[in-house]
Amino acid sequence: MFSALTQQQTCSGCLVSSVSRQNVYGGTMGLWTLLLLHLHLAVCVSLPAPSNVSISSYNMEHILRFSPGPGTPSDAYFTVQICNSRKQQWKTVPWCAALMAGQTCNLTNKLNDVFDHYMAQARAFRTNQTSKWIKSREFQPLTDTVLGPPEFSVSGCGNCLILQIRDASERQFEHNSQLKDLFWGLDLNVKRTRDGAEFKLNLPYKHESVIPYLQPGVEYCVSVSFRSIINHKSVASEQRCAFTSPPPPQHILFLVLGLFGGFTLVVFLVVGRVIFRSKVSLELLRRHLSRLKNIMCPG
């Protein structure tokens, strides 16, 4: 009986290989056995293992990336397996069973329980050669995904702004009903364009919200990010700007300034005339009193 090779793999990633030798031809290892062992060692020469095996996630889209190990042959392929904390069993991802260097593996449809914890592993292989498995860190979809900013618009309403969340922002969560049951909120940063004054505001998630107590006819810029009681990894949007109420037309502004200037000039002339006449009156009164004094007290 010749050498027998057995392999066993579990979710912990431990790969155990054992070679059991039995007596050949009455207890003496013959030439054929040595030849088979030599071929076995040639087959088991390892390929360089991949590196930087990691899962990144943006808006609940989960992508596994890896780098080929140094010296990996150009004709090598890579295979990906995943394992969750409940079943404790590695399973090959069918569409990632023969990746080439530079390709990624989309795990979105495999990591469909947002509360579960997952691990992934990758290895290189080609005919008669494999590398060792390299694992990613533990990954939980709900807490490890990065929440991108919502799509929104702002418009004026007098002394306030109306914030409207577009329907496209909700599509990122439609593939997973568990996300709809979570508490979502909006973090707003509101900045007044005129002088840079700003404040932050927390609002519950709704299609339409009001940003109150703003100055009429003033431009404000708003940036928005998602907020969750569980996930704190969010990205703020670019600013969207709007006036609380339409600014006055340019010609009306010039007209108002002209009227204000004319009114100010008239007031200045009237006040100046009153002051001048007052001074003249006081001078005449002083002279009259002086004459009266000379008449009543001659010499």
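Quantities reported herein were computed from a predicted structural model and do not represent experimental measurements.

Looking now at the environment of S234. On the secondary structure map, S234 appears in the loop between β16 (219–228) and β17 (240–243). In this structure S234 comes out as partly exposed when scored by relative accessible area, which is 33%. Sequence-distant contacts of S234, that is, excluding residues within four places in its chain, are made with L147, S225 and F226. Only 3.4 Å separates the side chain of S234 from the backbone oxygen of F226, close enough to count as a polar contact.

Note on soluble globular proteins: their nonpolar side chains tend to be buried together. By size, the foremost hydrophobic cluster in this structure holds 20 residues, and its most contacted members are L64, V80, V93, L99, C105 and L107. Those elements giving two or more residues to this core turn out to be β3 (51–58), β4 (61–67), β5 (77–84) and β8 (118–126). Per element, the largest residue contribution to this core is four residues, and it comes from β8. Each residue touching V80, except ones within four places of it in the same chain, is listed here: L64, K91, T92, V93, C96, L99, C105, Q121 and A122. By size, the runner-up hydrophobic cluster in this structure holds 19 residues, among which are F152, L188, V218 and F226.

Counting across every chain of the model gives three disulfides. Through a disulfide, C96 is tied to C105; the S-S separation comes to 2.0 Å. Looking down the S-S bond of the C96 and C105 bridge, the torsion is 95°, so its handedness is right-handed. The two residues C96 and C105 agree in class, both being buried. Two residues, C157 and C160, share a disulfide whose sulfurs are 1.8 Å apart. Judged by relative accessible area, C160 falls into the buried class, the value being 10%.

Let's shift gears to the packing of aromatic side chains. Following the criterion strictly, the structure yields three aromatic pairs and no others. Cation over ring: R240 sits above F152, and NZ or CZ is 5.4 Å from the ring centre.

Here the focus is the pairing of strand β14 (residues 198–204). By the bridge criterion, seven bridges tie strand β13 (residues 184–192) to β14 in an arrangement that is antiparallel. Along β14, the bridge assignment pairs N189 with K200. If you look at the hairpin formed by β13 and β14, you'll find five residues sitting between the two strands, and G196 has a positive phi there, around 80°.

Moving on, we come to the confidence of the model for the protein. Parts of the model with low pLDDT should not have their predicted coordinates read in detail. Of all residues in the protein, 65% have pLDDT values of 70 or greater, and the mean over the chain is 79. In the predicted structure, residues 1–28 sits below a pLDDT of 50 and forms 47 contacts with residues beyond four places in sequence or in another chain.

Our focus in this paragraph is the pairing of β4. Where β3 and β4 come together, six bridges link them in antiparallel fashion. By the bridge assignment, Y58 is partnered in β4 with E61. In the sheet, β4 pairs with strand β7 (residues 105–106) via two bridges, with the strands oriented antiparallel. Along β7, the bridge assignment pairs L64 with C105.

Thresholds applied
- Residues numbered from 1 in each chain as written.
- Predicted model: local features only at pLDDT ≥ 70, side-chain atom pairs only at ≥ 80, totals over all residues.
- Heavy atoms only, no water.
- Helix = DSSP H or I, 4+ residues; strand = E, 2+ residues; numbered from the N terminus.
- Buried < 20%, exposed > 50% of the residue type's maximum accessible area, 1.4 Å probe, protein only.
- Contact = heavy atoms within 4.5 Å.
- Polar contact = N/O pair within 3.5 Å; in protein donor to acceptor, adjacent residues only side chain to side chain.
- Core = buried A, V, L, I, M, F, W, Y, C linked by side-chain atoms within 4.5 Å.
- Disulfide = S-S within 2.5 Å.
- Phe/Tyr/Trp six-rings, centres within 6.5 Å; stacked < 30°, edge-to-face > 60°.
- Lys NZ or Arg CZ within 6 Å of the ring centre and 35° of its normal.
- Pairing = 2+ DSSP bridges.
- pLDDT = per-residue confidence, 0-100.

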